[in-house]
Amino acid sequence: MKNIKLVSIWNPKGGQGKSMLAINLAAASIEIGIKPMVICQDQQGTSINYFREGNLNFEVLGEIPQEKPDVDIVFFDHQASDWEVPSTHLLVMPLKPARDQYATYIDALKRAKTKNKEVITVVTGGQAHRKSEKSTTAYLKEQGAFVIPSSGVFSRASEDYRSIFDSSMNKAYKVGERRREISKILGAILLKQSDNSQN
Ligand SMILES: Nc1ncnc2c1ncn2[C@@H]1O[C@H](COP(=O)(O)OP(=O)(O)OP(=O)(O)O)[C@@H](O)[C@H]1O
Ligand SMILES: [Mg+2]
């Protein structure tokens, strides 16, 4: 049986971009011929709601399936306030660069590091005109983080429960840049060693 790559999208702070990344990384996978699945581990069911609207070309489940699914990669969309470090080896941690949100990210990152997790950090949005956010973003970028600048395409897509890769978004302002950023993060994920034995 083929190995399924397992990726947890995790940050205990709410509203950091976990569901946005889960949906859009899965959509980016389809673009390059990789079959994804999202498992929504959030009782609010954000990513499940996307699936119910019927605009996604991949599956979102509300729980871990009994049988091994026929997919190449699984993205676990975690819920806010979940401080337990996920069991997958690879974590994607989104954060917005405001001070208190950065502090939560650092706390969570420390926990992840004590468990020897591989972490990909993604700065999602933030207010570039604020000096402290700008310098936090620059610092994290220097440390290897990916950056997805604040952009209206995400709210536009999410209003319709679509990914930004949906063809209805083709003419949205700077959608090409945002798609490339998401695809780059997917590329980094695919390069990392997956360790299914831990899940
Ligand atoms: N780069 C960005 N630019 C603009 N808006 C963004 C960006 N990234 C995420 N958002 C928006 O931020 C909001 C929160 O994102 P999302 O719901 O994915 O966070 P979350 O971490 O899953 O939250 P929760 O912990 O409540 O599940 C959404 O409205 C999303 O569209
Ligand atoms: Mg969410």
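Before reading on, note that the structure itself is shown above.
No experiment lies behind these values; they were computed from the predicted model shown.

## So, the overall build of the protein chain
At step 1: In terms of regular secondary structure, the protein chain is built from six helices and seven strands.
At step 2: Its helices and strands in sequence order give the protein chain the pattern β-α-β-α-β-β-β-α-β-α-β-α-α, from N to C terminus.
At step 3: Expected size for 199 residues packed as a compact globule is a radius of gyration near 16 Å; at 16 Å, the protein chain falls within 12% of this value.
At step 4: Judged by the C-alpha coordinates and their principal axes, the protein chain covers about 50 × 45 × 30 Å.
At step 5: Per-residue burial for the protein chain yields a buried fraction of 49% across its 199 residues.
At step 6: Taking the intrachain contacts of the protein chain between residues at least 6 apart in sequence as the baseline, contacts between residues at least 24 apart amount to 76%.
At step 7: Side-chain charges of the protein chain comprise 27 positive and 22 negative groups, with the mean position of each set lying 8 Å from the other.

## A short note on the sheet that holds strand S7 (residues 146-148)
At step 1: Read from one edge of the open sheet, seven strands run S3-S2-S4-S1-S5-S6-S7, paired in parallel fashion. Each edge of the sheet is formed by a strand with only one pairing partner; in this case those strands are strand S3 (59-61) and S7. In this sheet, neighbouring strand axes are inclined to one another by 25 degrees on average, regardless of whether the strands run parallel or antiparallel.
At step 2: Pairing of strand S5 (residues 90-95) with strand S6 (residues 118-124), which is carried by six bridges, proceeds in the parallel orientation. By the bridge assignment for S6, Leu95 is matched with Val123.
At step 3: Along the sheet, helix H2 (residues 46-53) makes contact with strand S2 (36-40), S3 and strand S4 (73-77), crossing S3 at roughly 135 degrees.

## Regarding the site of ligand 1
At step 1: Lining the immediate surroundings of ligand 1 are 19 residues, of which Gly15, Lys18, Ser19, Met20 and Lys96 lie closest.
At step 2: Here an oxygen atom of ligand 1 and a side-chain polar atom of Lys96 are 2.9 Å apart.
At step 3: Between a nitrogen atom of ligand 1 and a main-chain N or O atom of Ser151, the distance comes to 2.9 Å.
At step 4: Protein contacts shield 79% of the accessible area of ligand 1, which totals 640 Å² for the unbound molecule.
At step 5: Considering each element in turn, the shell around ligand 1 owes the most residues, three residues, to helix H1 (residues 18-31).
At step 6: The class makeup of the residues in the shell around ligand 1 is five nonpolar, 10 polar and four charged.

## Considering the pattern of salt bridges
At step 1: Taken as a whole and judged by the stated rule, the model has eight salt bridges.
At step 2: Residues Asp160 and Arg162 are paired through a salt bridge, measuring 3.6 Å at the closest nitrogen-oxygen approach.
At step 3: Take Arg162: its relative accessible area is 23%, and that puts it in the partly exposed class.
At step 4: Taken together, the shared-partner salt bridges in this structure form one network comprising Asp160, Arg162 and Asp166.

## A few points about the side chain of Gln16
At step 1: Relative to the helices and strands, Gln16 resides in the loop between strand S1 (5-9) and H1.
At step 2: A distance of 3.0 Å separates a polar atom in the side chain of Gln16 from the backbone oxygen of Gly14.

## Some thoughts on the packing of helix H3 (residues 99-114) against helix H4 (residues 131-142)
At step 1: Closest axis-to-axis distance for the H3/H4 pair is 10 Å, and the angle between their directions is 30 degrees. The angle between H3 and H4 falls in the class roughly parallel. Only Ser132, Thr136, Tyr139 and Leu140 of H4 make contact with H3, whose side of the interface consists of Arg99, Tyr102 and Tyr105.
At step 2: A class-by-class count of the residues in the contact of H3 with H4 yields four nonpolar, two polar and one charged.

## Topic: the environment of Asp166
At step 1: By the element assignment, Asp166 lies in the loop between helix H5 (152-159) and helix H6 (175-191).
At step 2: Sequence separation between Asp166 and Lys141 is 25 residues; the distance between their C-alpha atoms is 28 Å.
At step 3: What Asp166 contacts, discounting residues up to four positions off in sequence, is Asn55 and Arg179.
At step 4: Within the structure, the side chain of Asp166 is placed 3.2 Å from the side chain of Arg162, a separation counted as a polar contact.

Reading the values: rules and limits
Residues numbered from 1 in each chain as written. Chains lettered and ligands numbered in written order. Predicted model: local features only at pLDDT ≥ 70, side-chain atom pairs only at ≥ 80, totals over all residues. Heavy atoms only, no water. Helix = DSSP H or I, 4+ residues; strand = E, 2+ residues; numbered from the N terminus. Rg over C-alpha atoms; globule rule 2.2 N^0.38 Å. Buried < 20%, exposed > 50% of the residue type's maximum accessible area, 1.4 Å probe, protein only. Contact = heavy atoms within 4.5 Å. Lys, Arg positive; Asp, Glu negative; His and termini not counted. Charge placed at Lys NZ, Arg CZ, Asp CG, Glu CD. Pairing = 2+ DSSP bridges. Axes fitted to C-alpha atoms, helices over the stretch in contact; angles between N-to-C directions. Near = heavy atom within 4 Å. Polar contact = N/O pair within 3.5 Å; in protein donor to acceptor, adjacent residues only side chain to side chain. Areas by Shrake-Rupley, 256 points an atom, 1.4 Å probe, with all protein chains shown as cover. Nonpolar A, V, L, I, M, F, W, Y, C, P; charged D, E, K, R; others polar. Salt bridge = Lys/Arg side-chain N within 4 Å of Asp/Glu carboxyl O. Parallel < 35°, antiparallel > 145°, perpendicular 65-115°, else oblique.

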